[in-house]
Amino acid sequence: MTRAERVSRNLNRALHALFAADERAWLLGEDVADPYGGAFKVTQGLSTAYPDRVLSTPLSENGITGVAGGLALCGDTVIVEIMFGDFAGLAFDPILNLITKSVAMYGERTPMRVVIRCPVGGGRGYGATHSQSPQKHFIGIPHLALYELSPLHDAADVLAAALRRDEPAMLFEDKILYTQRRYVDGRVDDRLAFELRGADGNWARVHDPDATGAPTLVIAPGGVANRAIAAATRAAERGRTVEVLVPARLYPVDVDGLRDLLAGAHGVIVAEESTAGGTWGSEVAARLHAEAWSLLRGPVELVSSADRVIPSAPHLEQAVLLGTDAILDRIMRLPAAPTTATGDRGGRTDTAPGTPAGVSPGVPGAVPVPRTDPSPVDPPPSAPTTTAQPGVPVDVPRLNPNDDSYVLLEWLVADGATVEAGEPVAAVETSKAIEELAASQAGVLRQDVAAGADCAPGAPIGQILPESAVPASVDTPGSPAAAYPEPVEAVGTRTATPGRPLPPAQRRIADVVSTSHREIPVAFTAVRVDVTAALAYARRAADQTGATVGLTEVVIAAVAALHERFGALYARLTGDGLVVDAEGPSIGLTVDVGTGLFLPVIRDAAGLDLGDLADAVVALRMKALRGRLREEDMAGMNFLVALNDTPGVTVARPIIPPGVTCALSVPDVHREVVLDGDGGVRERTVADLGLAYDHRLVNGAQAGAYLAALGEVLQR
């Protein structure tokens with residue numbers, strides 16, 4: 001598959017092409033000129049190539065947009081960059097009362113070729129005034145079209161479509177997309193394909209060509225598209241068919257491009273990052289109901305971010321913004337699509353007489369579940385009993401070799417609920433990650449262990465019972481949950497003792513720290529390294545690749561490069577005293593999400609260029625923030641880079657995780673004044689890099705030589 005460019009590079013290329021083709025094109029915005037090239041580097045190189053037509057302006061969105069309106073009235077093409085979409089409110093008056101009205105209020109149609117670009121959305125910790133998605137506030141203004149970039153559309157095509165209208169447009173750009181790569185060649189991954197359809201290729205349809213059954217359609221623009229695609233993938237693991245539809249033009253809504261898909265769809269969900277109320281999703285729902293009512297099988301569902309101000313702290317921001325889990329939850333809340341024996345889309349599932357379609361008798365609100373065990377089953381006992389039920393146990397597998405027990409974090413399905421084969425039923429927390437346990441067959445879940453309890457690898461925590469083996473409750477006929485004994489309480493949960501217990505995540509961290517201190521003889525050495533050149537290199541790499549590159553990524557690349565020279569620092573010591581060398585550097589890094597510390601791993605780090613390495617770091621951090629890290633994301637580490645970059649922290653001694661020989665701490669950088677060789681004074685930026693090492697495998701001389709070599713690499 002073709003190696004795709006990043007979304008920011010794609011947009012930059014589109015702007016360069018526009019300026020090369022249109023001699024009357026202007027770009028106005030704050031700090032858009034080189035060398036800065038815009039807050040997100042989208043306008044890089046334009047002012048150098050077109051110095052008379054690319055102008056950095058004063059900080060006045062109202063003034064910038066007013067000037068754009070005047071240039072457009074003279075027949076020019078104008079691109080306006082609003083540094084953050086939140087500030088588009090300051091330009092609302094010239095948008096509402098000058099640029100859009102000028103199309104039709106002078107007695108004849110006046111072309112107004114203005115595109116107002118607005119970086120929007122959260123996910124980067126920018127806080128309440130730099131993270132909003134204000135698209136909904138501009139819907140319904142006559143002659144104003146709204147577009148949004150996505151990883152599935154070429155920015156040049158989107159710009160061309162917007163300008164062809166000869167009317168003003170706003171182009172919203174989710175900031176989280178800038179460093180991500182586009183999807184090309186009609187593929188999202190090995191399973192999912194995509195196609196462009198409708199006028200101007202407006203709709204991108206992401207689907208599994210091999211899927212059967214009536215799909216749920218999730219309509220998701222811009223940066224929400226990837227979250228919807230991730231939710232669709234996880235829903236597929238639970239037996240659901242989901243297609244994701246991504247528009248380039250938000251408004252006016254293009255219904256014609258959806259009609260044939262709606263005819264075969266089981267349900268429709270619109271997902272957007274704005275808060276609920278007066279939204280683009282509401283507009284989509286209204287248009288679908290007005291123009292495609294006969295094709296819909298139910299109401300259009302809407303899912304948005306929480307109705308709150310967006311915080312800066314990553315874990316709080318995650319709780320507010322629309323994420324993959326919320327989209328997945330809305331998908332799974334829809335009743336399962338009825339299927340026929342041949343797997344054709346549509347049709348109904350037969351149910352008992354008097355039972356509504358799509359509901360299993362005896363289990364309120366449950367969806368039909370195919371019986372997977374055709375063998376006869378003895379009649380259920382007449383009264384509740386605690387004897388063994390003819391079910392399949394839900395066992396806790398061995399998830400990693402370092403833990404003797406895990407924490408049953410939560411049950412994902414209620415006791416007595418009907419589950420499908422492969423559906424996640426419980427979440428178990430290890431010392432490294434949170435893992436979901438799936439039902440091995442369809443049936444009814446019985447919980448035998450309460451959430452919060454410790455559970456050993458291999459131990460059962462519940463059972464999946466055939467529906468026919470579940471007794472009915474004498475109090476609530478048809479409800480299996482009441483027939484079960486209470487789940488086993490976690491040890492000590494009924495004892496009222498002073499204080500509060502450690503949260504499960506903190507308990508796991510405490511276990512790892514205790515093991516490290518108990519078993520590993522740690523020595524520690526720190527050196528001061530001039531990182532001025534490394535920071536400059538990171539900035540150049542960010543400009544060249546479009547990736548988010550900083551000192552962390554440069555240090556990880558340097559650590560990976562030193563593996564061949566210092567193999568002993570990447571080796572591990574087995575329980576019987578044998579030294580096992582690492583074939584290649586697999587570098588772990590610390591990710592603190594506010595509710596726990598995680599150690600995801602970048603495998604084969606030496607084989608990645610700096611841009612791809614930065615992509616890997618961002619991807620792992622986002623998975624950690626969204627609670628999606630798995631054991632495989634944290635397996636195989638042979639060197640740890642511990643980030644201790646809280647402002648003011650200059651030296652930090654990291655913990656060495658069991659199975660690793662060395663951990664390098666990267667603290668906050670600070671500036672100092674030094675004398676140069678000629679007796680002059682100069683300022684430099686330094687970091688006190690610290691190496692904690694297992695003294696059984698590495699001695700002080702080796703540690704010192706390693707830090708010296710690392711310093712040389714960073715100062716080149």
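Keep in mind the model is a prediction, meaning the values are calculated, not measured.

**Student:** Which parts of the structure should I look at to understand the overall build of the chain?
**Tutor:** Scanning the chain from terminus to terminus reveals 15 helices and 32 strands. Element-wise, carbon and sulfur atoms account for 54% of the exposed surface of the chain, whose accessible area totals about 30900 Å².

**Student:** Would you take a moment to explain the nonpolar core for this structure?
**Tutor:** Generally speaking, a soluble globular protein has its nonpolar side chains buried in company with each other. Among the nonpolar cores identified, the biggest contains 90 residues, and V559, Y570, F639, L664 and L691 are the most heavily contacted of them. Broken down by element, the residue count for this core peaks at 8 residues, all from helix α14 (residues 610-625). L691 has contacts with A523, F524, T525, L569, F639, C662, A663, L664, A703, Y706 and L707, leaving out every residue within four places of it along the chain. By size, the runner-up hydrophobic cluster in this structure holds 45 residues, among which are L146, L245, A265 and V300.

**Student:** I tried to follow the packing of aromatic side chains on my own but got confused; where do I start?
**Tutor:** Aromatic ring pairs: the centre-centre distance and the angle between the two ring planes describe each pair. Taken as a whole and assessed by the stated rule, the structure comprises 11 aromatic pairs. What links up through ring pairs into an aromatic cluster is the set F40, F84, F87, Y126 and Y178.

**Student:** Explain the pattern of salt bridges to me, please; I cannot follow it from the model alone.
**Tutor:** When the charged atoms of two side chains lie near each other, side chains of opposite charge can form a pair. Summed over the entire model, instances satisfying the criterion amount to 34 salt bridges. Across the pair R113 and D22 runs a salt bridge, and its minimum N-O distance is 3.7 Å. Of this pair, R113 sits in the loop between α4 (92-99) and β4 (114-120) while D22 sits in the loop between α1 (7-21) and β1 (25-29), and the two are 91 residues apart along the sequence. Its salt-bridge partner being D200, residue R164 comes within 2.8 Å of it at the nearest N-O pair. Residue R164 is found in helix α5 (residues 155-164), and its partner D200 is found in the loop between β7 (193-197) and β8 (203-207); the two are separated by 36 residues along the sequence. What makes R164 exposed here is its relative accessible area of 54%. Via salt bridges that share partners, E195, R197, R205, E243 and D260 belong to a single interconnected network.

**Student:** Sorry if this is basic, but what is going on with the sheet that holds strand β20 (residues 454-455) here?
**Tutor:** Strand pairing in a sheet takes place through backbone hydrogen bonds and is either antiparallel or parallel in direction. With antiparallel pairing, the 4 strands of this open sheet are ordered in space as β18-β17-β15-β20. Edge strands, defined here as strands with exactly one partner in the open sheet, are β18 (434-438) and β20. Across 2 bridges, the pairing between strand β15 (residues 406-411) and β20 is antiparallel. Each bridged residue has a counterpart across the sheet, and for V407 the counterpart in β20 is D454.

**Student:** Help me understand the sheet that holds strand β14 (residues 392-395), please; the structure alone is not making it clear to me.
**Tutor:** One open sheet holds the 4 strands; their spatial order is β14-β21-β19-β16, and the pairing between them is antiparallel. Only two strands of the sheet have a single partner each, and these edge strands are β14 and β16 (418-419). Bridging between β16 and strand β19 (residues 443-447) involves 2 bridges; their strand directions are antiparallel. Bridging from a neighbouring strand, T418 pairs with V444 of β19.

**Student:** Would you mind going over the side chain of K175 with me for this structure?
**Tutor:** Along the chain, K175 falls in the loop between β6 (169-174) and β7. Salt bridges are absent for the buried K175, whose nearest opposite-charge side chain, D86, sits at 4.9 Å. Excluding its chain neighbours within four sequence positions, the residues that come into contact with K175 are F40, F84, P119, V120, G121, R124, Y126, H130 and S131.

**Student:** Looking at this structure, I do not really get unusual backbone geometry. What am I missing?
**Tutor:** Both trends apply: most residues other than glycine have a negative phi, and most peptide bonds are in trans. Put simply, D34 and P35 share a cis peptide bond, and its omega is 10°. Within the element layout of this structure, P35 appears in the loop between β1 and α2 (46-49). In this structure, the amide linkage connecting Y251 to the following residue, P252, adopts the cis form with an omega of -5°. Locating P252 in the fold gives a position in the loop between β11 (249-251) and α7 (259-263). With a phi close to 70°, H143 is a non-glycine residue in the positive phi region. As for its placement among the helices and strands, H143 is situated in the loop between β4 and β5 (145-148). Look at D185: it is not a glycine, yet its phi comes out positive at around 60°. Counting through the fold element by element, D185 comes out in the loop between β6 and β7. Judged by its relative accessible area of 47%, D185 falls in the partly exposed class.

Cut-offs and rules
Residues numbered from 1 in each chain as written. Predicted model: local features only at pLDDT ≥ 70, side-chain atom pairs only at ≥ 80, totals over all residues. Heavy atoms only, no water. Helix = DSSP H or I, 4+ residues; strand = E, 2+ residues; numbered from the N terminus. Areas by Shrake-Rupley, 256 points an atom, 1.4 Å probe, with all protein chains shown as cover. Core = buried A, V, L, I, M, F, W, Y, C linked by side-chain atoms within 4.5 Å. Buried < 20%, exposed > 50% of the residue type's maximum accessible area, 1.4 Å probe, protein only. Contact = heavy atoms within 4.5 Å. Phe/Tyr/Trp six-rings, centres within 6.5 Å; stacked < 30°, edge-to-face > 60°. Salt bridge = Lys/Arg side-chain N within 4 Å of Asp/Glu carboxyl O. Pairing = 2+ DSSP bridges. Lys, Arg positive; Asp, Glu negative; His and termini not counted.

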